[in-house]
Amino acid sequence: WCLSNTPQRLVLDGMFDIYKSWITYSRVVGFRLNTARHVRAEFWQAFTPAILEHAESLGIDHFHVFGEVYVDGQNPQHLAKFTTRAGLPTVLDFAFQSTAQSVIIDGAPGLQLDKLYSSDAIYKNGEETARQLPTFLGNHDMGRFAGFLRATSPDMNDDEMVARTRLAHGLMMMSRGVPTIYYGDEQGFVSDGNDQAARENMFPSQTTSYNDNDLIGTTATTAEANFDTAHPIFAAISEFS
């Protein structure tokens, strides 16, 4: 596959124009590139500079592009190659998520965090890029941090659940990277599993499998609207900010 081939180049230019139009007419300031690992590196090598150049031409010099590159476990080497070979500015920091879960939920040594941060040099532009990696504790695909905690320690009391979830958010907010909070985590949502089992509603839900969840730090359920600024996790995140 050659990007200089005329028919393929026309297709690419058309795709690029679609993304550029979103920036032009909606003034979005970033793109999350889903399943980036399943797209050839040559595409991202052409896509990223074209998009950043277009955004800058409109006066948006802080446009944020990051790829979703799933990695199972603490393997920043796999993530880093998408910033070097594929040329993506940043990628979702799955290695941070795995390390935080390992340390705070499984009781692994804190030195695992030192090992993680010591690997920042392998990203393109090293620590400069690492500081822009979106860090997270859970998401709509894999599940929520509180869900991982409950699955590992089903008899843990609510106070301990809140304390560990608060600690995890503190780690994410205070360390390098761009903290990315999955909606509902700040309201104590606890997923039953991954994917659709982790997509509870902030507005009153009619989904039984969501509404029977025992949320942390609150007596509320997802059957009612959840936007409580007094929730202990919400308050902690506000404090960390």
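Thresholds applied
- Residues numbered from 1 in each chain as written.
- Predicted model: local features only at pLDDT ≥ 70, side-chain atom pairs only at ≥ 80, totals over all residues.
- Heavy atoms only, no water.
- Phe/Tyr/Trp six-rings, centres within 6.5 Å; stacked < 30°, edge-to-face > 60°.
- Buried < 20%, exposed > 50% of the residue type's maximum accessible area, 1.4 Å probe, protein only.
- Pairing = 2+ DSSP bridges.
- Helix = DSSP H or I, 4+ residues; strand = E, 2+ residues; numbered from the N terminus.
- Salt bridge = Lys/Arg side-chain N within 4 Å of Asp/Glu carboxyl O.

### Overview of the packing of aromatic side chains
Here comes step 1: Under the counting rule described, the total for this entry stands at 14 aromatic pairs.
Here comes step 2: Where W22 meets F31, the ring centres are 6.2 Å apart and the plane angle is 75°; that geometry is what we call edge-to-face.
Here comes step 3: Between F227 and F234 the ring centres are 5.8 Å apart and the planes differ by 85°, which places this aromatic pair in the edge-to-face class.
Here comes step 4: The class of F227 is exposed, set by a relative accessible area of 58%.
Here comes step 5: The rings of F16, Y19, W22, F31, F43, W44, F47 and F63 are connected pair by pair, giving a single aromatic cluster.

### With respect to the sheet that holds strand 1 (residues 30-33)
Here comes step 1: The strand order across the open sheet built from three strands is 1-2-3, with neighbouring strands paired in parallel fashion. Both edges of this open sheet fall to strand 1 and strand 3 (90-91), since each of them pairs with a single strand only.
Here comes step 2: Direction of pairing for strand 1 relative to strand 2 (residues 64-67): parallel, over a ladder of four bridges. Across the sheet, R32 pairs through a bridge with F66, a residue of strand 2.

### Focus on the pattern of salt bridges
Here comes step 1: Under the defined criterion, the tally for this structure stands at 11 salt bridges.
Here comes step 2: Connected via shared salt-bridge partners are D93, D120 and R176.

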